[in-house]
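# Inside the fold
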Amino acid sequence: MFKNDGTIAVLTSGGDAPGMNAAIRAVVRTAYARGIEVLGVRRGYTGLINGDFIELGIQDVSSLTSQGGTYLYTARSPEFMSAEGQDRAASACKYRGVKAVIVIGGDGSFRGCIELSKRGLATIGIPATIDNDIACTNYTIGFDTAANTAIEAIDKLNDTMRSHERCSVVEVMGRNAGHLAVYVGIATGACSVIVPERPFDFDSDISERIRRGKLNGRNHFIVIVAEGTGITNEVAARIERETGIATRVTILGHVQRGGRPSARDRVTASRMGKHAVELLSNGKRNRLVGIINGTMHDFDIG
Ligand code: ADP
Ligand code: F6P
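Now for a description of the structure that goes with this document.

Here is what the cut-offs are and how they apply
- Residues numbered from 1 in each chain as written.
- Chains lettered and ligands numbered in written order.
- Predicted model: local features only at pLDDT ≥ 70, side-chain atom pairs only at ≥ 80, totals over all residues.
- Heavy atoms only, no water.
- Helix = DSSP H or I, 4+ residues; strand = E, 2+ residues; numbered from the N terminus.
- Buried < 20%, exposed > 50% of the residue type's maximum accessible area, 1.4 Å probe, protein only.
- Contact = heavy atoms within 4.5 Å.
- Areas by Shrake-Rupley, 256 points an atom, 1.4 Å probe, with all protein chains shown as cover.
- Near = heavy atom within 4 Å.
- Polar contact = N/O pair within 3.5 Å; in protein donor to acceptor, adjacent residues only side chain to side chain.
- 1 Å grid on protein atoms, 1.4 Å probe; cavity = no way out; pocket = protein on both sides within 12 Å on 5 of 7 lines; lining within 4 Å.
- Sits in = over half its atoms within 2 Å of the grid points.
- Nonpolar A, V, L, I, M, F, W, Y, C, P; charged D, E, K, R; others polar.
- Pairing = 2+ DSSP bridges.
- Axes fitted to C-alpha atoms, helices over the stretch in contact; angles between N-to-C directions.
- Expected span 1.5 Å × (residues − 1).
- Arc of directions from axis to C-beta.
- Core = buried A, V, L, I, M, F, W, Y, C linked by side-chain atoms within 4.5 Å.
- Left-handed = near helix turned anticlockwise from the far one by under 90°.

## Comments concerning the overall build of the protein
Regarding its fold elements, the protein presents nine helices and 11 strands. Along the first, second and third principal axes, the C-alpha set of the protein runs to 70 × 35 × 30 Å. For the protein, the residues scored as buried account for 54% of the 302 residues in total. Looking at the protein alone, contacts between residues at least 24 apart form 72% of all its contacts between residues at least 6 apart. Carbon together with sulfur atoms contributes 47% to the accessible area of the protein, which is approximately 13200 Å² in total.

This is the structure:
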């Protein structure tokens, strides 16, 4: 399938993630090696609706592996949530001879794949989100770089907290998921990590730990709060009020989404991009690429 039989389109959708560019490059280079034409779609599903296709030759993706962000731009596309938007996107593909769409993004983006597949397009999803919250894969592109960015920032906060004998409450991204917060909390030796998946008790999970820490001679503390809890400022105010330690809030925010991708993200994205094109070449459609215990797998997207 595909050689001389239609074009593949590739797009990035939802929040950007470091490593998306390496996935784009791998898709283009793998397709090229098989004689398949690839078009890039700019600005995710918004671009698909508007027919915003660009040619992607092998030189266009040269040097992309080391760059953060996404060469194709990304978008959250409210227009694509309607059947009318989805019909327009499918028509734009038909007009350009596109038979398959590779979507690099998160779970919202993959729901978009299901809608495209209902309209006759073959779709493949490549998981890329710093949140690492896609069920059928151990790993999503961008998580490792985001974690390292957060760790570097928290190491710096640790220095100033130690000097002032303060507590730092750090908000880590992750929409509704606490994976990034937990990982970063372990890596930085945080006093507590508060995540949306697990109820917490202020007295035992924070206050008592700070009290015991002080008894053991510790003069500064890091508390990680996952964004999805929505209680970062509340936690900080309560720590200051109930433990008496001066407390400062740092919201790491979008800095976690930028930067040069780590080796792990570059390599994983390259493997996933190659696998996506191989699936299409082998006649598979509507699959989500995943990595389980280091091995590439694919799953039904719907
Ligand atoms: P992510 O892919 O990172 O989870 P979003 O949830 O914002 O990011 O989804 C990205 C885009 O995918 C949305 O802006 C929308 O265009 C499309 N999308 C999300 N959910 C659906 C859905 N249920 N049906 C169709 N398209 C969807
Ligand atoms: O899904 C990635 C993510 O960075 C989440 O961690 C965060 O909640 C969300 O995207 C932020 O989205 P936006 O960039 O639209 O503010």
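And the narrative resumes.
## Examining the environment of Gly174
Relative to the elements of secondary structure, Gly174 occurs in the loop between strand E6 (167–172) and helix H6 (179–188). By relative accessible area, Gly174 is classed as buried at 1%. Separated by 128 residues in the primary sequence, Gly174 and Thr46 have C-alpha atoms spaced 24 Å apart.

## Considering the site of ligand 1
Taken together, the neighbourhood of ligand 1 is formed by 17 residues, with Arg76, Ser77, Gly106, Ser109 and Arg175 sitting nearest. Contact distances for ligand 1 include 2.6 Å between an oxygen atom and a backbone N or O atom of Ser77. Asp107 places a polar side-chain atom, nitrogen or oxygen, 3.1 Å from an oxygen atom of ligand 1. Contact with the protein chains removes 85% of the 550 Å² of surface that ligand 1 exposes when unbound. Of all the cavities here, the one that holds ligand 1 is the largest pocket. Residues belonging to the shell around ligand 1 are distributed by class as follows: three nonpolar, nine polar and five charged.

## As for the sheet that holds strand E9 (residues 247–251)
What the four strands build is an open sheet, ordered E7-E8-E6-E9; its pairing is parallel. Looking at which strands have only one partner, the edges of the open sheet turn out to be strand E7 (192–194) and E9. Each neighbouring strand pair of the sheet contributes to a mean axis angle of 20°, computed without reference to strand direction. Summarising the sheet, E6 and E9 pair through five bridges and their orientation is parallel. Its bridge partner being in E9, Val170 is matched across the sheet by Thr250. Lying over the sheet, H6 contacts E6, E7 and strand E8 (221–226), oriented at roughly 165° with respect to E8. Running over the sheet, helix H7 (residues 202–215) touches E7 and E8 and is turned about 165° from E8.

## What to know about helix H9 (residues 263–281)
Its 19 residues give H9 an end-to-end C-alpha distance of 27 Å, which sits within 8% of 27 Å, the value for a rise of 1.5 Å per residue. Of the residues making up H9, those classed as buried are Asp265, Thr268, Ala269, Met272, Gly273, His275, Ala276, Val277, Leu279, Leu280 and Ser281. Following H9 by one or two positions, Gly283 adopts a phi angle in the positive range, close to 85°.

## Comments concerning the site of ligand 2
Inspection of the region around ligand 2 gives Arg76, Thr129, Ile130, Asp131, Met173, Gly174, Arg175, Glu227, His254 and Arg257 as its neighbouring residues. Glu227 is positioned with one of its side-chain polar atoms (N or O) 2.9 Å from an oxygen atom of ligand 2. Coverage of ligand 2 by the protein amounts to 77% of the 400 Å² it exposes when considered alone. More than half of the atoms belonging to ligand 2 lie within 2 Å of the grid points that define the largest pocket.

## Some remarks on H6
Looking at H6, one finds that the buried residues are Leu180, Ala181, Val184, Gly185 and Thr188. Angular distribution of buried residues about the axis of H6 spans 130°; they occupy a single face of the element. Considering only its buried residues, H6 is in contact with helix H5 (143–164), E6, E7 and E8.

## Thoughts on the nonpolar core
Counting 55 residues, the largest nonpolar core has Ile102, Ile126, Val184 and Ile224 as its most contacted members. If sequence neighbours within four positions are ignored, Ile126 has contacts with Val27, Ile102, Val103, Ile104, Gly105, Phe110, Ile141, Met272, Gly273, Ala276, Leu288 and Val289. Core analysis: the next-biggest nonpolar cluster, separate from the first, contains 24 residues, Val41, Phe53, Cys136 and Ile301 among them.

## Describing the side chain of Thr70
In this structure, Thr70 sits in the loop between strand E3 (53–55) and helix H3 (83–95). Here Thr70 is in contact with Thr12, Asp16, Met20, Asn21 and Ile24, once residues within four sequence places are set aside.

## Re the packing of helix H1 (residues 20–33) against H9
Close contact between H1 and H9 brings their axes to 7 Å; oriented N to C, the two are set at 40°. The interaxial crossing formed by H1 with H9 has right-handed handedness. Where H1 approaches H9, its residues Ala22, Ala23, Ala26, Val27, Thr30 and Ala31 are matched on the opposing element by Arg266, Ala269, Ser270, Gly273, Lys274 and Val277. Its residues placed into classes, the contact of H1 with H9 shows seven nonpolar, three polar and two charged.

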